[in-house]
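Fold and geometry: a report
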Amino acid sequence: MAIIETRALAKSYGKIQAVRGIDLSIEKGEIFGLLGPNGAGKTTTIGMLCTILRPSSGSASIAGYDIVNKPAEVRRNVGIVFQDLTLDTILTGIENLELHARLYGIPSVIRKARIEEMLDLVDLKDRAHDITRTYSGGMRRRLELVRGLLHRPAVLFLDEPTLGLDPQTRARIWDYIKKMAENEGITVVLTTHYMEEAEQVCDRVGIIDYGRIIALGTPEELKDSLGGYMVVMRVNDPPLDTLRGLPYVSGVALNGGMVEITMKEAHLHLPDLLSRIRNVESVETRAPTLNDVFIKLTGRDIREEYTEDTGGWVESAARYRQRGN
Amino acid sequence: MNPRLVIAREGIDLMHEGHFKRELRGIYAVWWREFKIFQREKSRVVASVVQPLLWLFLFGSGVGASFSVGGVNYRDYIYPGILSMSVLFGSVFFGLYIIWDRKIDVLKAVLVAPVSRVSIFFGKVLGGCTDIIIQVLILFAFSFLFPAVNLWGIPLALGILLITAIAMVSLGLAIGSLFESLEGFQLVATFVVFPLFFLSGALFPVDERLPIWLQGAVKLNPLTYTVDGVRYALLGLNNFPLYVDIGIIVVFALLMIIMGSILFSRMK
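Let us look at the structure shown here. Computed from a predicted structure; not experimentally measured. Think of each chain on its own: its residues are numbered from 1, step by step along the sequence as written. Think of it this way: whatever chain is written first is A, whatever ligand is written first is 1, and the rest follow in order. It should be noted that, the model being predicted, local features are given only for residues of pLDDT at least 70 and side-chain atom pairs only at 80 or more, the latter also being counted only at that level, while totals for whole chains, interfaces and linings use all residues. By convention in this description, side-chain values take in all heavy atoms of the structure and omit both hydrogens and water.

Quick look at the overall build of chain A now. Going along the chain from the N terminus, every DSSP run of H or I of four or more residues is numbered as a helix, and every run of E of two or more is numbered as a strand. Along chain A, the regular secondary structure elements total 13 helices and 14 strands. Each principal axis of the C-alpha distribution contributes one length, and for chain A these read about 75 × 45 × 35 Å. Taken across its 325 residues, chain A has 56% of its residues classed as buried. Taking contacts inside chain A between residues at least 6 apart in sequence as the whole, the part at least 24 apart equals 71%. A 1.4 Å probe and the Shrake-Rupley method give the accessible areas. Residues count as covered only by the protein chains that appear here. On chain A, roughly 13,800 Å² of surface is accessible, and the fraction owed to carbon and sulfur atoms is 49%. Buried means the residue's accessible area, taken with a 1.4 Å probe over protein chains only, is under 20% of the maximum for its type, while exposed means over 50%, and partly exposed covers the values in between. Two residues qualify as a contact provided that any one of their heavy atoms is within 4.5 Å of a heavy atom in the partner residue.

A word on the side chain of threonine 44 of chain A. By the secondary structure assignment, threonine 44 of chain A is in helix H1 (residues 42-49). Residues in contact with threonine 44 of chain A, not counting those within four places in the same chain, are Lys11, Tyr13, Ala18, Val19 and Leu53 of chain A.

Okay, the sheet that holds strand S10 (residues 212-217) of chain A next. Residue and element names in this part refer to chain A. Any two strands between which DSSP finds at least two bridges are classified as paired. An order of S6-S7-S8-S3-S9-S10 is seen for the six strands of this open sheet, with the pairing classed as mixed. Edge positions in the open sheet fall to strand S6 (78-81) and S10, since each of these has one partner strand only. When strand polarity is set aside, the average angle formed by the axes of neighbouring strands in this sheet is 15 degrees. Pairing geometry for strand S3 (residues 31-35) and strand S9 (residues 204-209), over four bridges, is parallel. Paired with phenylalanine 32 across the bridge in S9 is arginine 204. Docked against the sheet, H1 engages S3, S6, strand S7 (155-159), strand S8 (187-192) and S9, running at close to 150 degrees with respect to S7. Helix axes are fitted only over the stretch in contact, all axes being lines through C-alpha atoms; the angle between N-to-C directions runs from 0 to 180 degrees. Sheet strands touched by helix H11 (residues 290-298): S3, S9 and S10. Its angle to S9, the strand with the most contacts, is close to 35 degrees.

For the rest of this paragraph, the subject is the interface of chain A and chain B. Contact residues are listed per partner, giving 35 residues for chain A and 33 residues for chain B. Put simply, buried area is how much 1.4 Å-probe accessible surface two parts lose in total, over both of them, once they are put together. In total, about 3,300 Å² of surface goes out of reach between chain A and chain B, with carbon and sulfur atoms giving 63% of it. Of all residues in chain A, Arg76, Arg102 and Leu103 of chain A bury the most surface against chain B, accounting for 21% of the area lost on that side. Salt-bridge detection follows one rule: a side-chain nitrogen of Lys or Arg within 4 Å of a carboxyl oxygen of Asp or Glu. Taken together, the links from chain A to chain B amount to four salt bridges. Taking the shortest distance from any N to any O, the salt bridge between glutamate 95 of chain A and lysine 36 of chain B comes out at 3.7 Å. N or O atoms within 3.5 Å of each other form a polar contact, as long as, within protein, one can give a hydrogen and the other can take it, and as long as residues adjacent in sequence are counted only when both atoms are side-chain atoms. The tally of links between chain A and chain B comes to six residue pairs in polar contact (both at pLDDT 80 or more). Only helix H2 (71-77), helix H3 (93-103), helix H4 (108-121) and helix H13 (311-323) of chain A provide two or more residues apiece to the side of chain A that touches chain B.

For the rest of this paragraph, the subject is the nonpolar core. As used here, the term nonpolar core means buried Ala, Val, Leu, Ile, Met, Phe, Trp, Tyr and Cys residues forming a set that is joined through side-chain atoms within 4.5 Å. Ranked by size, the top nonpolar core spans 102 residues in total, and within it Ile4, Ile62, Leu103 and Phe157 of chain A together with Leu88, Phe140 and Leu234 of chain B carry the most contacts. Of all the elements, helix H9 (residues 154-178) of chain B adds the most residues to this core, at eleven residues. Ile31, Ala101, Val122 and Ala128 of chain A belong to the second-largest nonpolar core, a separate cluster that totals 47 residues.

All we've got here are geometric facts, nothing functional implied.
Quick look at the structure:
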């Protein structure tokens, strides 16, 4: 049986339907990515699975325990790393882990060894006795990751684990996540809007939009579903209709000043394609990304959503900065 | 032995752990956190001890130069009142501190642990009471400077102040659960804490010389009975029988615990 099972899981706030019925089945040991723009229902879904939010309808179970009827058992079996930093910044690193160990009832005989093992995993041993207020953003994240793991959950939920971090730190965090999943043999469910990063880390992804899963599969499967390679051109006055009529072209989209063409066997058909367009200023071919999948399915660019939409993460980033003081 | 194997086995044992034991451990964990923070924030402790001493030695000595009440020097007379004041302020503000905890999301990680909200509430109450009682003990250490104070009355006074601390931390947590912004702090200080203090008879005797409206307000104030009980224990002066004082404080504490745990459990 799958470690996470959801059946028509839904949540509404008054008239607003945040999650509109999600059916998922996630196997033990998977790293599963829940991808989607702001307000798509990612955080709400995770909130329900962690028993923080009560579903309006539908059901779900984790490690065989129903999230509504057996919340204490579910809580014991899940670890969660929130989008916002939730460390106790007056306590030291080791004290934060100790508090967590006590709350989860990890017996004192193994507490110390387990905490050391965890600090070692994220290379925080030499800062363990420092107050976490003095930690950098990346260090705080790392500590939160292992705090979520401390009680050996069956499932670890990570809500935007790299939000607000610089690219280098983000790459390191992903390395740690992969290492943790391997070492501990646990199931990881994460949300992120960094599509490229999700591609590298996740075994399987579900794309969620307006509270529904609109695509589900391995990153390769989803990219293959686009039907081939991406050709991106800068063209004056592109003959869109002509392009759409070509047999080997599976999609044409305008993105800024660029024409993005999805086509099969680009290496064979590119000369023919170029012969039909005049005034080509530049051409670039690349493999499709998950972001292309997202654009194809929703007609929107997830990156644009995140720069234009103020929404949750600008606020989180602001709070994040505030906490650094 | 490989710790991982041990943990795996313990993990299974934990699933069968009793409900009651789990909650007790949760209460202890929250208390442990509060006590760590108390130990770390020494400046808070110093401030909370120095402030009542300023009241006693600057205000009390000043007024005491020309006044005494019931044959007791005014400075000694307000000692029980100032003890009660420091319990009131310390407790309510400790409880209200959860507004800040929520703002910086410290509570979030605690609230998803497999421990009930009510246990987290009790852990907080115990943590607050520990802080307050330590502060009160420090203030008691100065009691030899007040000639009128009967040192044998200290245990009774401590008991009354402990029950009051339980009530007032619960009240602070209850109010804190309702507020989402720190502006609430100022409101509560102005409209709850200061009236409770001024209307408690901490600084003046509660008798028929007071205007009628003031007498009524003072008698409705639960802190009045704390001050009266502590004053009886330490100075042998009282306006109400001791059983009335204790009875009212206990009932008030129970009401606050019930209200606090309900509001804390419903907190978003």
